[in-house]
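# Results of the structural survey
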Amino acid sequence: MINELIYYLRLFKFLSLNLTKSFFYKYKYKRKIKDFEKKLKTRSQYLVILNVESIGSLASQINFFYKFSIAHNLSLEKDFYFLASDHKYCNEFFIKKICEIIEIHYDKNLYKFLMIYGGLKYFIRKNICIPFSNDFVNFMPDKNFPIKFSNAEIIKGNKILEKIGILNNRDLIGISYKNKMYWKEKNFNKEWDAYRDSSFDNLRPTINYLSQKGFNIVQLGDIEKKSKVDKNYFKLEGLSKNEREFIDIYIYTHTKFVIFGMQGLRSVAELFSVPILTHNALLTHWQSKGITLPKKFIDAKKNYVIPYSELIKRKVLTVNFEEGLKKIIFIEPFIFRDMLQFQIRKIDIHENTSSEILQATIEMINYVINKENLTKEEFENQEKFRNIFFSSDIYTNSIVNYGVNFGGLISIEYLKLNPEIFKNESTY
């Protein structure tokens, strides 16, 4: 009860402050907005917003608009006006490669008014803005924004790989997990985001297994400083900032598949059509191919696995600020974005065990890489999982039903060992 009171007081405070600032910004930049509208119409361009501070957001956004341009016979270079906040780049090399194809314009105040204070809806109503639709998985899955490397860059990339000890980069597997290192280094506290976190220790049996099978494993993402030295995998430590930013993108030209947690790196791997095993997943819609291994939703009071049919009823009220459009809506636990939301709905989140991740990795090799066929029972379980989303009013106000359109496979063994998720209602 206390958590719920805190949550709604915080929500009310945030909404009140946002509405006040929205009014202020709308008045202060009224002339600027009109001039900007005129500029877009004169250029015959659609406004597009990019978040250049987050590598996951940037990769997913630029990929979506590339697919959108193909689907609607538009020129990515000429028909879009790409706007970002400022030059606080997530990765300078990534920005450089993107800007070989498009031009990005920067305006911090305009971006803030559009994305934070609700101004984007004005341009959407005027039909001169293409909003980013987060649910684009299986939308042209084999068409991805082209990141191409010059011969000089390829030579540079191979030298960096040799520098960290990867001499034979065939059968290279990238592995990572979600932690708070990136934001800690920026002195930003994201404790509310802990629902995405997982531990590295549960990846060790998988690393050992892959190493024994002759694969080369490289740890990607932000590395805990206290992590143990392990001869079974390579790290990207000891590289300069320039080398690290380069290899963070180039590495996907060599990875056979990747094993990632709930982190933005998955969107970068998607650009290179790299198969992904997503461990500790919450959102099924992020997987266009590969394998998804979900976390378990556990009732905090009675300690049982919550059936999805029951889970989607544990909604919470929130303010959705996606693409600058303020909406007061109820959302389901699959798209909660705050640990407090899980707590007030009495939901504990259990991360995957080491054996679950190892089994999903074996499935990745068998079913995705080697393309083995599912048995009839395994296929029926996959369909049963999807039908949960077909038959439910899930993902409130979504343009496309996320659960219906995700691709790839849910871990075969996970579905077999957790039949509780298929139940209509809990018997507890």
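Source: prediction; values computed, not measured.

## Remarks on the overall build of the chain
Looking only at helices and strands, one finds 17 helices and 13 strands in the chain. Burial analysis of the chain (428 residues in total) assigns 53% to the buried set. Contacts spanning at least 24 positions in sequence make up 71% of the contacts within the chain whose residues lie at least 6 apart. Total accessible area on the chain stands at roughly 20,700 Å², and carbon and sulfur atoms take up 52% of it.

## A short note on the nonpolar core
Ranked by internal contacts, the top residues of the largest apolar core, which has 56 residues, are Leu 210, Ile 259, Phe 297, Tyr 308 and Ile 421. With 6 residues, helix α14 (residues 354–369) is the largest single contributor of residues to this core. With 49 residues, the next largest nonpolar core counts Val 52, Ile 166, Tyr 250 and Val 258 among its residues.

## Some words on the packing of aromatic side chains
How two aromatic rings sit relative to each other is set out by the distance from centre to centre and by the angle between their planes. Across all of its chains, the model carries 30 aromatic pairs by this definition. A centroid spacing of 6.3 Å and a plane angle of 15 degrees characterise the contact between Phe 149 and Phe 272, whose relative ring orientation is stacked. Taken together, the residues Phe 149 in the loop between α6 (120–125) and α7 (151–163) and Phe 272 in the loop between α11 (265–271) and β7 (276–281) connect sequence positions 123 residues apart. Of the two residues examined, Phe 149 and Phe 272, each falls in the buried class. Plain terms: the ring middles of Tyr 195 and Phe 342 are 5.7 Å apart, the flat faces sit at 40 degrees to each other, and that makes the pair tilted. Of the two residues, Tyr 195 is situated in the loop between α8 (181–184) and α9 (204–212) and Phe 342 in helix α13 (residues 339–344); the sequence distance between them amounts to 147 residues. The exposure class assigned to Tyr 195 is buried, which follows from its relative accessible area of 8%. Among the aromatic residues, ring-to-ring pairing joins Tyr 46, Phe 64, Phe 65, Phe 68, Phe 80, Phe 82 and Phe 132 into one connected group. Directly above the aromatic system of Phe 422 lies the positively charged group of Lys 384, at a separation of 4.9 Å from the ring centroid.

## Observations regarding the side chain of Thr 361
As for its position among the elements, Thr 361 is in helix α14. With residues up to four places along the chain from it excluded, the contact list for Thr 361 reads Thr 206, Leu 210, Ile 259 and Leu 277.

## Observations concerning the layout of surface pockets
The volume enclosed by the second largest pocket comes to roughly 350 Å³. For the second largest pocket, the lining is made up of 14 residues, of which Lys 26, Phe 113, Gly 119, Tyr 122 and Arg 125 are closest to its centre. When residues of the lining of the second largest pocket are traced back to their parent elements, those giving at least two are α1 (2–28), α2 (30–43) and α6. Residue composition of the lining of the second largest pocket, grouped by class: 5 nonpolar, 3 polar and 6 charged.

## Examining a positive patch on the surface
Together, Lys 26, Lys 30, Lys 34, Lys 121 and Arg 125 give the surface a local cluster of positive charge. Of all the secondary structure elements, the ones that give two or more residues to the positive patch are α2 and α6. Among the secondary structure elements, Lys 34 is positioned in helix α2.

## Description of the sheet that holds strand β2 (residues 80–84)
Strand order across the open sheet formed by 3 strands is β1-β2-β3, with parallel pairing between neighbours. Among the strands making up the open sheet, the edge pair consists of β1 (46–49) and β3 (104–106). Looking at each pair of strands side by side, their axes are set apart by 40 degrees on average, direction ignored. As defined by bridge partners, β2 adjoins β3 across 3 bridges and the pair is classed as parallel.

## Some thoughts on the sheet that holds strand β6 (residues 255–260)
Taken in spatial order, the 6 strands line up as β5-β4-β6-β7-β8-β13 in an open sheet, and their pairing is parallel. In this open sheet, the two strands that pair with only one neighbour each are β5 (216–219) and β13 (409–410). Of the strands in this sheet, β6, β7, β8 (290–294) and β13 touch α14, which is tilted by about 160 degrees from β8.

## Some words on the packing of α7 against helix α10 (residues 241–250)
Two elements in contact, α7 and α10, have axes whose closest approach is 10 Å; the angle formed by their N-to-C orientations is 105 degrees. By the angle between their directions, the pair α7 and α10 is classed as roughly perpendicular. Along its contact with α7, which presents Glu 153, Ile 154, Lys 156, Gly 157, Asn 158, Ile 160, Leu 161 and Lys 163, the element α10 presents Asn 242, Glu 243, Phe 246, Ile 247 and Tyr 250. Split by residue class, the contact of α7 with α10 holds 6 nonpolar, 3 polar and 4 charged.

## Notes on the pairing of β6
Most of β6 sits out of view: 5 of its 6 residues are buried. Summarising the sheet, strand β4 (residues 172–175) and β6 pair through 4 bridges and their orientation is parallel. Bridge assignment links Ile 175 to a residue of β6, and that residue is Ile 259. Bridge count for β6 against β7 is 3 bridges, and the pairing is parallel. Looking across to β7, one finds that Val 258 is bridged to Ile 276. Of the crossover connections in this fold, the one passing from β6 over α11 to the parallel β7 is right-handed.

Reading the values: the criteria
- Residues numbered from 1 in each chain as written.
- Predicted model: local features only at pLDDT ≥ 70, side-chain atom pairs only at ≥ 80, totals over all residues.
- Heavy atoms only, no water.
- Helix = DSSP H or I, 4+ residues; strand = E, 2+ residues; numbered from the N terminus.
- Buried < 20%, exposed > 50% of the residue type's maximum accessible area, 1.4 Å probe, protein only.
- Contact = heavy atoms within 4.5 Å.
- Areas by Shrake-Rupley, 256 points an atom, 1.4 Å probe, with all protein chains shown as cover.
- Core = buried A, V, L, I, M, F, W, Y, C linked by side-chain atoms within 4.5 Å.
- Phe/Tyr/Trp six-rings, centres within 6.5 Å; stacked < 30°, edge-to-face > 60°.
- Lys NZ or Arg CZ within 6 Å of the ring centre and 35° of its normal.
- 1 Å grid on protein atoms, 1.4 Å probe; cavity = no way out; pocket = protein on both sides within 12 Å on 5 of 7 lines; lining within 4 Å.
- Points joined across faces, edges and corners; volume = space filled by probe spheres on them.
- Nonpolar A, V, L, I, M, F, W, Y, C, P; charged D, E, K, R; others polar.
- Patch = residues over 30% accessible without salt bridge, like charges linked within 9 Å, V, L, I, M, F, W, Y side chains within 5 Å.
- Salt bridge = Lys/Arg side-chain N within 4 Å of Asp/Glu carboxyl O.
- Lys, Arg positive; Asp, Glu negative; His and termini not counted.
- Charge placed at Lys NZ, Arg CZ, Asp CG, Glu CD.
- Pairing = 2+ DSSP bridges.
- Axes fitted to C-alpha atoms, helices over the stretch in contact; angles between N-to-C directions.
- Parallel < 35°, antiparallel > 145°, perpendicular 65-115°, else oblique.
- Right-handed = clockwise from strand over helix to strand, strands pointing away.

Any functional reading would require information beyond the geometric quantities listed.
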